[in-house]
2 protein chains.
Amino acid sequence: MTPFDHLVQLGKEIATLEGISHLLQWDQETLMPQGAAGSRAIQNQLIAKLAHERASGKGFENALSKCIDLNTGKVLLEELNESQKAALREWRDDFLQASKLPTPFIEKFAALTSEATENWRLARQAKSFSRFAPFLERLIEMSRQRAEYLGYQDHPFDALLDEHEKGTTTRKITPLFQALKEELIPFRKSLISKKGPDSSFLHQPYPAASQMKVARALISACGFDPHHGVIGLTSHPFCSSLHPTDVRVSTRIDPKDPSSNWLALLHEGGHWLYEANLPTEHFGTPLCQARSTAVHESQSKWWETLIGQSLPFWTFFYPQVQKSFPKQLGQVPLKTFHRGLNALSDTPIRVSSDEIAYPLHIVLRYDLEKDLISGDLAVRDLPKAWNAKMVEYLQIEPKNDSEGCLQDIHWACGLYGYFPTYTLGNLYAAQFFEAFKKTYPDSEERVAQGDFGFMRSWLKEQVHTHGRKYTSQELVKRITGHALMPDPYLSYLKAKYAAIYAQ
Amino acid sequence: MTPFDHLVQLGKEIATLEGISHLLQWDQETLMPQGAAGSRAIQNQLIAKLAHERASGKGFENALSKCIDLNTGKVLLEELNESQKAALREWRDDFLQASKLPTPFIEKFAALTSEATENWRLARQAKSFSRFAPFLERLIEMSRQRAEYLGYQDHPFDALLDEHEKGTTTRKITPLFQALKEELIPFRKSLISKKGPDSSFLHQPYPAASQMKVARALISACGFDPHHGVIGLTSHPFCSSLHPTDVRVSTRIDPKDPSSNWLALLHEGGHWLYEANLPTEHFGTPLCQARSTAVHESQSKWWETLIGQSLPFWTFFYPQVQKSFPKQLGQVPLKTFHRGLNALSDTPIRVSSDEIAYPLHIVLRYDLEKDLISGDLAVRDLPKAWNAKMVEYLQIEPKNDSEGCLQDIHWACGLYGYFPTYTLGNLYAAQFFEAFKKTYPDSEERVAQGDFGFMRSWLKEQVHTHGRKYTSQELVKRITGHALMPDPYLSYLKAKYAAIYAQ
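All figures in this text were calculated on a predicted structure; none of them were measured in a lab. (Residues numbered from 1 in each chain as written. Chains lettered and ligands numbered in written order. Predicted model: local features only at pLDDT ≥ 70, side-chain atom pairs only at ≥ 80, totals over all residues. Heavy atoms only, no water.)

Residues and elements named next belong to chain A. With 23 residues, helix α8 (residues 170-192) should reach 33 Å at 1.5 Å per residue; the first-to-last C-alpha distance of 31 Å fits that figure. Its maximal kink placed at L184, α8 deviates by approximately 25°, while the proline P186 follows within four residues. Looking at α8, one finds that the buried residues are T170, I173, L176, F177, A179, L180, K181, L184, I185, F187, R188 and L191. Structurally, α8 contributes buried residues whose contacts are with α7 (156-164), α15 (357-374), α16 (382-394), α17 (420-439) and α21 (487-502). (Helix = DSSP H or I, 4+ residues; strand = E, 2+ residues; numbered from the N terminus. Expected span 1.5 Å × (residues − 1). Bend = angle between axes of the 7 residues up to and from the residue. Buried < 20%, exposed > 50% of the residue type's maximum accessible area, 1.4 Å probe, protein only. Contact = heavy atoms within 4.5 Å.)

If you want it as structure tokens, here you go:
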């Protein structure tokens, strides 16, 4: 066996363990009886340990170092093709990243996040930040330590960003997010000063079974295929891949607002399509792994917002929806439905917010977590800083900490530098979408006729099929000719919402 | 760490892997998309390999041989208690058994059964035994080889029996099964010559949702607790334990015969109760494992037949059932329902047969598989031998091979010596039941009032809580004072069916 084949063999075992770990997670969220929490934790730990042992073990290192120079990154096997060389570079990055964190640190961090998550739940219930503050202190301290282990050039937060979106730094993100703030804060202000669209017809009883019938029709646009997927129900929708041939999504049902279910399922449908389109012949290698969290998010946002909240999409689907809900929507015209679906919201909660508030929520978190890590913001001052920024960015004042800085689980889980990937996903999606529309100037007409296949093929060819062959930066350049920039996203939002709020 | 603690630690890892393997199986049967069969096979193989490596590895052997003499079975650590010593004896048996089969043989056998199962399906579809015969030839040949590896005294089939019910031999089973034949063949003949009970009311539409509502009420008698269990739907009902805190069962729905669902779920409920009652504090050791397939079957048959097809059980539940199905059962009196539920059947299919035909089906398979292994019966002569015995034992002639010797998957899966455990389960159950009724002479009255707790406690105390502390032979002796015998089972069947067919 060649050292490259040996790596592939080890990679397959690791990827298989990861798929099993995703089944454990899927089952835990959808079906597992509550009394099994303890045994499930032990199962999760064992599979994680077995995967980690393989990914950071001597066997992997030996095989890897025969293929690529671990110090310089120079590929040693000239006979490999470009994809294989790219796979080696990604494997090397993963291996070096994994080896930087000492095992006792990982274990201590895991124990802390487990304790912190539990206490975050209690604090959120009690609406009391001070209940959670001591844990956040320790989390920030350990995350600083984490950044030191991982290494960085300018800002310790860069090390954490890099874990979630490789090659991304505060130096790159700050101006992007600054542009969003400068444009979107005043734009949103001007919109909410107007009389918004009516969305009251969405807020009435919609029976769950009929909601799901429509939801399944909608997600078929993303190519969702029950031969290779399952749809479950959870309070927090998610997507979990056991293998490209078995990708599972979940959605939620609000019996008085079907859009929550439908947009969530389109979002997860975008994740589904990415995972299901990964090239199975490279299973076990980085070529059969999604590029990054942010690129993944570009695919979910594509289907949830760019397509799923667009007029052409509903031009095709709305007649079916009206048939399923004649009482609720029979008298509501298509354009009224579409406007209502896009009405801005005044909720202080990120996950329930609207398309313009959402990126501002993310920028707010980015501003704060960056300063928490650098020490420019003290943990005790977080609620005040949060609430001030909520008013500044969104003109919304949280009534309590649970509506404010305690609303998200991410920081309790030890995820710092993760939030930005949500909005980077929006930026990628909008920039990809512009390129797509140049190739298909008639795309809106085709979508309005229920033709989605050409779009799925384009996404597969441009994004999915490459796995991690290209970096995010290379990918956006290949597809659009430019580095990531805020303009396509801003143009999209401004044109769309100016039109919706002009009527 | 003491060597015993080390064994427990290794045992926990093995048991956790087995639990994960059971989740993979559960998911595969209930939820997995069909297109994931290939990736699931790889996941199954990996977990099986990891478990096998641990159970037969040097680490386990070293720790084990410090605790117990692998040659003589003498426990070396006198300070251990009786339960721990029993655990060591069971671990040693498992280890020696596992080491007898060379890995290449196991792999070759697994590959053959996989191919054979596929071809069994095709042969059954085509109703053609000759399509399957070449695979059965090879399976029999390898099973003889298996018996040679495992070792035996009198009959090669003993080695295979021992794998499924330790300590059982043809010398022990043949007279038990002979007694069943001698009594049950003429008894069944005499019954079917009479006008049987009416069961037509069971064969009409029963909506699935209402069937399941009743099914959930019935299985609560077995103690089924949704906090530690899940009920799924599959065409072949089964029970799968991930851990004593997470035991899953499935049932089937025949929209025109609810008894199929209800009795299947009571059967699986018996398995559920055994697994859920195993002592979690011993998880990872044989003390937290069910004794054997046959003893497991005694628990499922207890709830399915001795209780679930009894008049006291339905005295309590039937009024609820009538309320759920007023149209179908409102005019059917309790005793008519109970008789109809126990009507004998003329199907040639084991899984749809009745309480008296069932053991004769098993004896038939035992007779044939024993002779196939010894060479007394040639594979090509199997269909003729099968059909002749069907007529001799049951007065039923299969119309084709699919209704005959191709009806069961077991032999294609490489399971020889497994069928007898079904009827051994009936024998254990009936013998336990006699002892139980001696302790609780008023049990029928209590059951008729919906009191099942005392019965569950008795089963837990007598059977479940011991895990594998006692051998099956010791267990039946402890509980009933006697070795396993046919009389309690025969008395039960004859008294019950004489009464039902006398009316």
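Still to come is the rest of the account.
Another aspect to go through is helix α10 (residues 258-277) of chain A. Each α-helix turn comprises 3.6 residues. Residues three or four places apart therefore point the same way. Between its terminal C-alpha atoms α10(A) stretches 28 Å, which fits the 28 Å expected from 20 residues at 1.5 Å a residue. With respect to burial, α10(A) is a largely interior element, 19 of its 20 residues being buried.

The next subject is the sheet that holds strand β1 (residues 229-233) of chain A. Through backbone hydrogen bonds, the strands of a sheet pair up, either in parallel or in antiparallel fashion. Residue and element names in this part refer to chain A. The mixed open sheet is built from three strands, whose spatial order is β1-β3-β2. Where the open sheet ends on each side, the last strands, each with one partner, are β1 and β2 (239-243). Sheet twist, expressed as the average angle between the axes of neighbouring strands with direction ignored, equals 20°. Bridge analysis of β1 against strand β3 (residues 246-251) gives five bridges, and the strand direction is parallel. Pairing of G229 across the sheet is with V247, part of β3. Contacts between helix α1 (residues 3-30) and the sheet are confined to β1, β2 and β3, with β2 contributing the most and set at about 140° to the helix. Along the sheet, α10 contacts β1, β2 and β3; its crossing angle with β3, the most-contacted strand, is approximately 165°. (Pairing = 2+ DSSP bridges. Axes fitted to C-alpha atoms, helices over the stretch in contact; angles between N-to-C directions.)

This part takes up the interface of chain A and chain B. Between chain A and chain B, the residue contacts involve 34 residues of the former and 34 residues of the latter. Of the roughly 2600 Å² buried between chain A and chain B, counting both surfaces, carbon and sulfur atoms make up 66%. A per-residue breakdown of the area chain A buries against chain B is headed by A:I20, A:P33 and A:L46, which together make up 18% of the total. Here chain A is connected to chain B by six salt bridges. Its salt-bridge partner being B:R248, residue A:D27 comes within 2.8 Å of it at the nearest N-O pair. The tally of links from chain A across to chain B stands at 12 residue pairs in polar contact (both at pLDDT 80 or more). Those elements giving two or more residues to the side of chain A that touches chain B turn out to be α1, α2 (37-55), β1, β2 and β3 of chain A. In the side of chain A that touches chain B, the residues fall into 16 nonpolar, 11 polar and seven charged. (Buried area = accessible area lost by both parts, 1.4 Å probe. Salt bridge = Lys/Arg side-chain N within 4 Å of Asp/Glu carboxyl O. Polar contact = N/O pair within 3.5 Å; in protein donor to acceptor, adjacent residues only side chain to side chain. Nonpolar A, V, L, I, M, F, W, Y, C, P; charged D, E, K, R; others polar.)

The next point concerns the domain arrangement of chain A. Residue and element names in this part refer to chain A. Looking at chain A, the domain boundaries give domain 1 (3-151) and domain 2 (170-500). Relative placement of domain 1 and domain 2: their C-alpha centres are 26 Å apart. Each partner contributes residues to the interface: domain 1 has 39 residues there, and domain 2 has 39 residues. Contact between domain 1 and domain 2 buries roughly 3300 Å² in total, counting both sides, with carbon and sulfur atoms accounting for 67%. When the buried area of domain 1 at its contact with domain 2 is split by residue, W26, E90 and F129 rank highest and sum to 23% of it. (Domains from an automatic or database assignment.)

All names here are of chain B. Judged by pairing direction, the sheet is mixed, and its three strands sit side by side in the order β1-β3-β2 without closing on themselves. Edge positions in the sheet fall to β1 (229-233) and β2 (239-243), since each has one partner strand and no second. Strand-to-strand twist of the sheet, defined as the mean angle between neighbouring strand axes without regard to direction, takes the value 20°. Taken together, the four bridges between β2 and strand β3 (residues 246-251) define a ladder with antiparallel strand orientation. The residue of β3 that forms the bridge with S240 is R248.

Laying chain A over chain B is done by rotating through 179° and shifting 0.1 Å along the axis; what remains is an RMSD of 0.1 Å. Overall, the copies show the geometry of a two-fold rotation axis. Here 100% of the contact residues of chain A are again contact residues in chain B; the copies associate through an equivalent surface. (Least-squares fit on C-alpha atoms with pLDDT ≥ 70 in both.)

To continue, consider the packing of helix α11 (residues 293-307) of chain B against helix α19 (residues 453-462) of chain B. Residue and element names in this part refer to chain B. Where α11 meets α19, the closest approach of the two axes is 12 Å, and the angle between their N-to-C directions is 150°. Put simply, α11 runs roughly antiparallel to α19. With respect to the hand of their crossing, α11 and α19 are arranged in right-handed fashion. Side by side, α11 and α19 meet where Q299, W302, W303 and I307 of the first sit next to M455, R456, W458 and L459 of the second. In the contact of α11 with α19, the residues fall into six nonpolar, one polar and one charged. (Parallel < 35°, antiparallel > 145°, perpendicular 65-115°, else oblique. Left-handed = near helix turned anticlockwise from the far one by under 90°.)

Bringing the pairing of β3(A) into the picture now. Burial analysis of β3(A) places six of its six residues in the buried class, which makes it a mostly covered element. Between β2(A) and β3(A), which pair antiparallel one after the other, the connecting turn spans two residues.

Take the environment of B:P420 next. All names here are of chain B. Mapped onto the fold, P420 is located in helix α17 (residues 419-439). Accessibility expressed as a relative area gives 0% for P420, which makes it buried. The spacing of P420 and L161 is 259 residues in sequence and 8.1 Å in space, taken between C-alpha atoms. In this structure P420 touches L161, I173, F177, I362, Y366 and E369, once residues within four positions along its chain are discounted.

Moving on, we get to the pattern of salt bridges. For the structure on display, the rule yields 56 salt bridges over all chains. Between A:R468 and A:D94 there is a salt bridge, with the nearest N and O atoms lying 2.8 Å from each other. Separated by 374 residues along the polypeptide, A:R468 in the loop between α19 (453-462) and α20 (472-480) and A:D94 in helix α4 (residues 82-100) bring together distant segments of the chain. The buried category is assigned to A:R468, whose relative accessible area is 8%. A:D94 sits in the partly exposed class, given a relative accessible area of 33%. For the salt bridge of B:E304 with B:K301, the shortest nitrogen-to-oxygen distance reads 3.8 Å. With a gap of three residues between them, B:E304 and B:K301 both fall in helix α11, about one helical turn apart. Here B:E304 and B:K301 have matching classes, each one buried. The network of salt bridges with shared partners includes A:E90, A:D93, A:D94, A:K166, A:R291 and A:R468.

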